[in-house]
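Coordinate analysis (summary)
Spelled out from the first residue to the last, the chains are:
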Amino acid sequence: QNHEMKLQEQPFYLIKENIKEVEYRLDDEKRQKINVGDTITFHKVDNDLETIQVTVTELKHYKTLLEMYTDTFNMYLNNYYHTPLEAVKDTPYYTNDKIEQYGCLAILFKKTK
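Described below are features of the structure shown in this document. (Residues numbered from 1 in each chain as written. Predicted model: local features only at pLDDT ≥ 70, side-chain atom pairs only at ≥ 80, totals over all residues. Heavy atoms only, no water.)

1. Digging into the overall build of the protein
Helices and strands together make up the secondary structure of the protein, namely 4 helices and 5 strands. When its helices and strands are written in sequence order, the protein yields β-α-β-β-β-α-α-α-β. Rg of the C-alpha trace for the protein: 13 Å, near the compact-globule value of 13 Å for 113 residues, within the 12% margin. Its C-alpha atoms give the protein principal-axis dimensions of about 35 × 30 × 25 Å. With 113 residues in all, the protein has 45% of them scored as buried. In the protein, the proportion of contacts linking residues at least 24 apart, taken out of those at least 6 apart, comes to 70%. Here the protein displays about 6,700 Å² of accessible surface, and carbon together with sulfur accounts for 48% of that area. Within the protein, one finds 15 positive and 19 negative side-chain charges whose respective centroids are separated by 3 Å. (Helix = DSSP H or I, 4+ residues; strand = E, 2+ residues; numbered from the N terminus. Rg over C-alpha atoms; globule rule 2.2 N^0.38 Å. Buried < 20%, exposed > 50% of the residue type's maximum accessible area, 1.4 Å probe, protein only. Contact = heavy atoms within 4.5 Å. Areas by Shrake-Rupley, 256 points an atom, 1.4 Å probe, with all protein chains shown as cover. Lys, Arg positive; Asp, Glu negative; His and termini not counted. Charge placed at Lys NZ, Arg CZ, Asp CG, Glu CD.)

2. Describing unusual backbone geometry
Phi is mostly negative for residues that are not glycine, and the peptide bonds are mostly trans. A positive phi angle is found at Asn 18, which is not glycine, with a value near 60°. You can see Asn 18 is positioned in the loop between α1 (9–16) and β2 (22–26). Asn 18 gets classed as partly exposed once you look at its relative accessible area, which sits at 46%.

3. Considerations on the packing of aromatic side chains
Enumeration according to the criterion identifies 4 aromatic pairs in this entry. When the ring of Tyr 93 is compared with that of Tyr 94, the centres are 5.0 Å apart and the planes differ by 75°; the resulting orientation is edge-to-face. Note on Tyr 94: relative accessible area 17%, which makes it buried. Over the ring of Tyr 76 we find Lys 20; its NZ or CZ atom is 5.5 Å from the centre of that ring. (Phe/Tyr/Trp six-rings, centres within 6.5 Å; stacked < 30°, edge-to-face > 60°. Lys NZ or Arg CZ within 6 Å of the ring centre and 35° of its normal.)

4. Considerations on the environment of Lys 6
Relative to the helices and strands, Lys 6 is located in strand β1 (residues 2–7). Classification of Lys 6 as partly exposed rests on a relative accessible area of 48%. Along the primary structure Lys 6 and Asn 78 are separated by 72 residues, whereas in three dimensions their C-alpha atoms are 23 Å apart. Excluding residues that lie within four positions of it along the chain, Lys 6 makes contacts with Arg 25, His 43, Val 45 and Asp 48.

5. Some words on the nonpolar core
Formed by 19 residues in total, the largest nonpolar core has its most connected members in Tyr 24, Leu 65, Met 68, Tyr 69, Leu 77 and Ala 106. Once residues within four sequence positions are removed from consideration, Ala 106 is found in contact with Val 22, Glu 23, Tyr 24, Glu 58, Leu 59, Lys 60, Tyr 62, Met 68 and Thr 72. Counting residues in each nonpolar core, the second largest holds 13 residues, with Ile 15, Ile 34, Ile 40 and Ile 52 among its members. (Core = buried A, V, L, I, M, F, W, Y, C linked by side-chain atoms within 4.5 Å.)

Pasting the structure below:
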């Protein structure tokens with residue numbers, strides 16, 4: 001099954017260049033439909049026609065952002081932050097209510113095209 005997601009320019013570029021192989025999201029209804037082996041087509045936010053396709057290799061579920069970022073810190077985040085808590089403070093778009101309701105999801109993948 002293929003899933004569609006939008007990405008800002010920087011994470012889009014990092015996936016395109018094989019620097020980033022994990023995407024962090026709320027584990028909401030849309031994300032709960034993702035399974036290992038599925039594909040995700042990422043669309044660049046400001047240019048919907050520019051896409052990257054990846055294959056999901058692993059799904060990791062967490063209760064909090066801190067738990068997720070701590071567990072996956074050395075996969076990617078350590079290139080940009082000194083601590084997992086610093087990464088949490090730089091994630092303003094998920095409210096505590098939504099995190100409590102859904103939990104967090106780290107989607108690990110390999111770029112396919």
